[in-house]
Amino acid sequence: MEGKKPKILLCEDDQNLGMVLKNYLELNDFDVTLERDGRLGLAAFQRERFDLCLLDIMMPHMDGFTLAEEIRDVDPDIPLFFLSAKTMKEDIIQGYKLGADDYITKPFDSEVLLLKIKAILKRNEEVNKEQENKEYDLSDYHFNPKLRELSHSGKTQTLSPKENELLKMLCEHMNDLLPREQALKKIWGSDTYFNGRSMDVYIAKLRKYLKDDDSIEIVNIHGNGFRLVVPVA
């Protein structure tokens, strides 16, 4: 997290606990957005980019489990902790099934929570650095997401930011399904009809850029998403 404070989305409807935890994390060099219900938490997540989410479960308008599902639809990899007074085994299991990195029961030790947050952010930073530097060989094409360059036969196409992000997501799911909803929410911010039509235009552009190699195909899996088909060497 060099050069900037890690951003945390904290969703907690207990006003006192929320402010105490927000202040504690900010004293430890985190940038914290506090929301007091799940609906506001989702709006904040759609509006900004966060490095980690801390979610209470019992919240008005949208509970933490539902909020976690919405967040995971957009970003399956963002670290996510549940903070909950619910200690039943079934609740804890449900939390982990939704992709939680940790399930912390109240009351908890703030220092222990801080150490857990730092540990998982450090791990994710190392993984992200590897991903940022990753390049892809797509048959006769070479794709460098960091430079936004798609090269073929000595010619290089510089991609727009959205083209680059979409091709990168397709490459990350190479020969597998990239869910339409996931791509729309992550790149366009929401899966509205008009954003869907916009994404179709970008898919058509990527197909045009890749047309010089017949072995590469972006397949439309009707109603589900897209699949970048690349022959395996």
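Residues numbered from 1 in each chain as written. Predicted model: local features only at pLDDT ≥ 70, side-chain atom pairs only at ≥ 80, totals over all residues. Heavy atoms only, no water.

Visitor: Account for the layout of surface pockets, with residues named and values stated.
Guide: Roughly 1500 Å³ of internal volume is contained in the largest pocket. Residue lining of the largest pocket: 41 residues in total, with Arg49, Asp75, Asn128, Lys168 and Lys186 positioned closest to the centre. Counting only elements with at least two residues in the lining of the largest pocket, the list comes to α2 (38–47), α5 (110–132), α6 (161–172) and α7 (180–188). Residue composition of the lining of the largest pocket, by class: 13 nonpolar, 8 polar and 20 charged. Shared between two domains, the lining of the largest pocket takes at least three residues from each, and those domains are domain 1 (7–132) and domain 2 (134–229). Of the pockets and cavities examined, the second largest pocket occupies roughly 250 Å³. Surrounding the second largest pocket, Tyr141, Leu150, Ser151, His152, Ser153, Lys155, Thr156, Gln157, Lys208, Tyr209, Lys211 and Asp212 form its lining. Broken down by secondary-structure element, the contributors of at least two residues to the lining of the second largest pocket are β8 (149–152), β9 (155–158) and α8 (193–209). In terms of residue class, the lining of the second largest pocket is made up of 3 nonpolar, 5 polar and 4 charged. (1 Å grid on protein atoms, 1.4 Å probe; cavity = no way out; pocket = protein on both sides within 12 Å on 5 of 7 lines; lining within 4 Å. Points joined across faces, edges and corners; volume = space filled by probe spheres on them. Helix = DSSP H or I, 4+ residues; strand = E, 2+ residues; numbered from the N terminus. Nonpolar A, V, L, I, M, F, W, Y, C, P; charged D, E, K, R; others polar. Domains from an automatic or database assignment.)

Visitor: Please set out the packing of aromatic side chains residue by residue, giving values where relevant.
Guide: Considering all chains together, one arrives at 5 aromatic pairs under this definition. Both rings, one in tryptophan 188 and one in tyrosine 202, keep their centres 5.6 Å apart while their planes meet at 70 degrees; by these two values the pair is edge-to-face. Residue tryptophan 188 is located in helix α7, and its partner tyrosine 202 is located in helix α8; the two are separated by 14 residues in the primary sequence. Take tryptophan 188 and tyrosine 202: they sit in the same class, and that class is buried. A ring pair is formed by tyrosine 193 and phenylalanine 194, whose centres lie 5.5 Å apart and whose planes are at 80 degrees; its orientation type is edge-to-face. (Phe/Tyr/Trp six-rings, centres within 6.5 Å; stacked < 30°, edge-to-face > 60°. Buried < 20%, exposed > 50% of the residue type's maximum accessible area, 1.4 Å probe, protein only.)

Visitor: Please set out α6 residue by residue, giving values where relevant.
Guide: Between its terminal C-alpha atoms α6 stretches 16 Å, which fits the 16 Å expected from 12 residues at 1.5 Å a residue. Those residues of α6 that sit buried are Glu163, Asn164, Leu166, Leu167, Lys168, Met169, Leu170 and Cys171. (Expected span 1.5 Å × (residues − 1).)

Visitor: So, unusual backbone geometry: which residues are in play, and what are the values?
Guide: Cis geometry is adopted by the peptide bond preceding proline 107, which originates at lysine 106 and carries an omega value of -5 degrees. The phi angle at arginine 148 is positive, at roughly 60 degrees, despite the residue not being glycine. Inspection of the secondary structure assignment puts arginine 148 in the loop between β7 (141–144) and β8. In the Ramachandran plot, asparagine 175 falls in the positive-phi region, its phi being about 60 degrees despite a non-glycine side chain. Take asparagine 175: it is sitting in the loop between α6 and β10 (177–179). By relative accessible area, asparagine 175 is classed as partly exposed at 27%.

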